[in-house]
Amino acid sequence: MAKPLIIANWKANPDSAVRAVVLAKKIEQAARAAPKVEVVIAPPSPFLFSIGHILRRTKLGAQNVFWEDLGPYTGEVSWRQLKHLGVQYVIIGHSERRRYLEETDEMINKKVLATLDHGLIPVLCVGEWERSGNEIPAVVGEQLKRALKRVEPSRMKNLVVAYEPVWAISTNPGARADTPDSAFRALVYLRRLLASLCSRRAAEAVRIIYGGSVNAQNIYPFLKEGKMQGALVGGASLFPQEFAKIVVRASDT
Ligand code: 13P
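Parameters and conventions
- Residues numbered from 1 in each chain as written.
- Predicted model: local features only at pLDDT ≥ 70, side-chain atom pairs only at ≥ 80, totals over all residues.
- Heavy atoms only, no water.
- Helix = DSSP H or I, 4+ residues; strand = E, 2+ residues; numbered from the N terminus.
- Buried < 20%, exposed > 50% of the residue type's maximum accessible area, 1.4 Å probe, protein only.
- Contact = heavy atoms within 4.5 Å.
- Axes fitted to C-alpha atoms, helices over the stretch in contact; angles between N-to-C directions.
- Parallel < 35°, antiparallel > 145°, perpendicular 65-115°, else oblique.
- Nonpolar A, V, L, I, M, F, W, Y, C, P; charged D, E, K, R; others polar.
- Near = heavy atom within 4 Å.
- Polar contact = N/O pair within 3.5 Å; in protein donor to acceptor, adjacent residues only side chain to side chain.
- Areas by Shrake-Rupley, 256 points an atom, 1.4 Å probe, with all protein chains shown as cover.

Some remarks on the environment of Leu82
Next up, step 1: As for its position among the elements, Leu82 is in helix H3 (residues 79-84).
Next up, step 2: What makes Leu82 buried here is its relative accessible area of 1%.
Next up, step 3: A C-alpha to C-alpha distance of 27 Å links Leu82 and Leu194, two positions 112 residues apart in sequence.
Next up, step 4: Aside from chain neighbours lying at most four places away, what touches Leu82 is Leu48, Ala62, Asn64, Val65, Val77, Val87 and Val90.

Concerning the packing of helix H5 (residues 105-117) against helix H6 (residues 138-147)
Each pair of packed helices can be summarised by the angle the axes make with each other and by the distance between the axes.
Next up, step 1: Two numbers describe how H5 lies on H6: the axes approach to 8 Å, and their chain directions differ by 50°. By the angle between their directions, the pair H5 and H6 is classed as oblique. Seen from H5, the contacting residues are Asp105, Ile108, Asn109 and Val112; seen from H6, they are Gln143, Arg146 and Ala147.
Next up, step 2: Of the residues belonging to the contact of H5 with H6, the class tally is three nonpolar, two polar and two charged.

Quick look at the site of the ligand
Next up, step 1: Taken together, 13 residues surround the ligand, and among them Lys11, His94, Ser170, Ser213 and Gly235 come closest.
Next up, step 2: One nitrogen or oxygen atom from the side chain of Asn9 is found 2.9 Å from an oxygen atom belonging to the ligand.
Next up, step 3: A distance of 2.8 Å separates an oxygen atom of the ligand from a polar backbone atom of Gly235.
Next up, step 4: Surface burial for the ligand is 98%, taken as the share of its 300 Å² of free accessible area covered by protein chains.
Next up, step 5: Residue classes in the shell around the ligand are distributed as four nonpolar, seven polar and two charged.

As structure tokens, this is what we get:
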């Protein structure tokens, strides 16, 4: 079985490379103490270079990617440049980018295709804005299907899907974590949909993780009862002690 995957998504934090390196060193220590967990730090792109140099056990992730190689694309960072920096994972389609940068399903699809084609691991975020009742809203499936258009079934095994209900993200008003039970329903729903897009076997190989108000108290139930294969951690990843506890709890599963 794959190790639980715990990804620190720092979003647009912290304010300086010096602070970022201090934080990364603490996370690296936590990762070294938990060899049964795969730990990834996804810092803002200006810090990728300095953080990449100090990580040994922790892998490097990016929060965005541009699908073209090199060229006249002002402000973008391409997959080739990320690879040169030692990046292995790329968060794609985060709800904050969909919301504030108007990232579309079509753009997300291009990013997924480019990363898979060039040996980067996409962490594709899907999740509904609102939930009423127990059903997983159809929009989650639509996001998944549109993001994976034209992806070769043989490439699916390199994909990570992060189920991240937007209402559960800690910075959103009234946020509360999903329950492990409902996260499990989302996992089953996503896995079935993946199987319909490729094969059951390929779908089984996709790692599905949870994001939204993850902390040291709830990580274990999400992994154990929710059967999630990891977590995408926002706010708590900026607090090294809390994040270290999340990693330790994940290694108990
Ligand atoms: P929080 O862990 O702060 O809820 O953020 C979740 C998230 O958006 C991770 O990508």
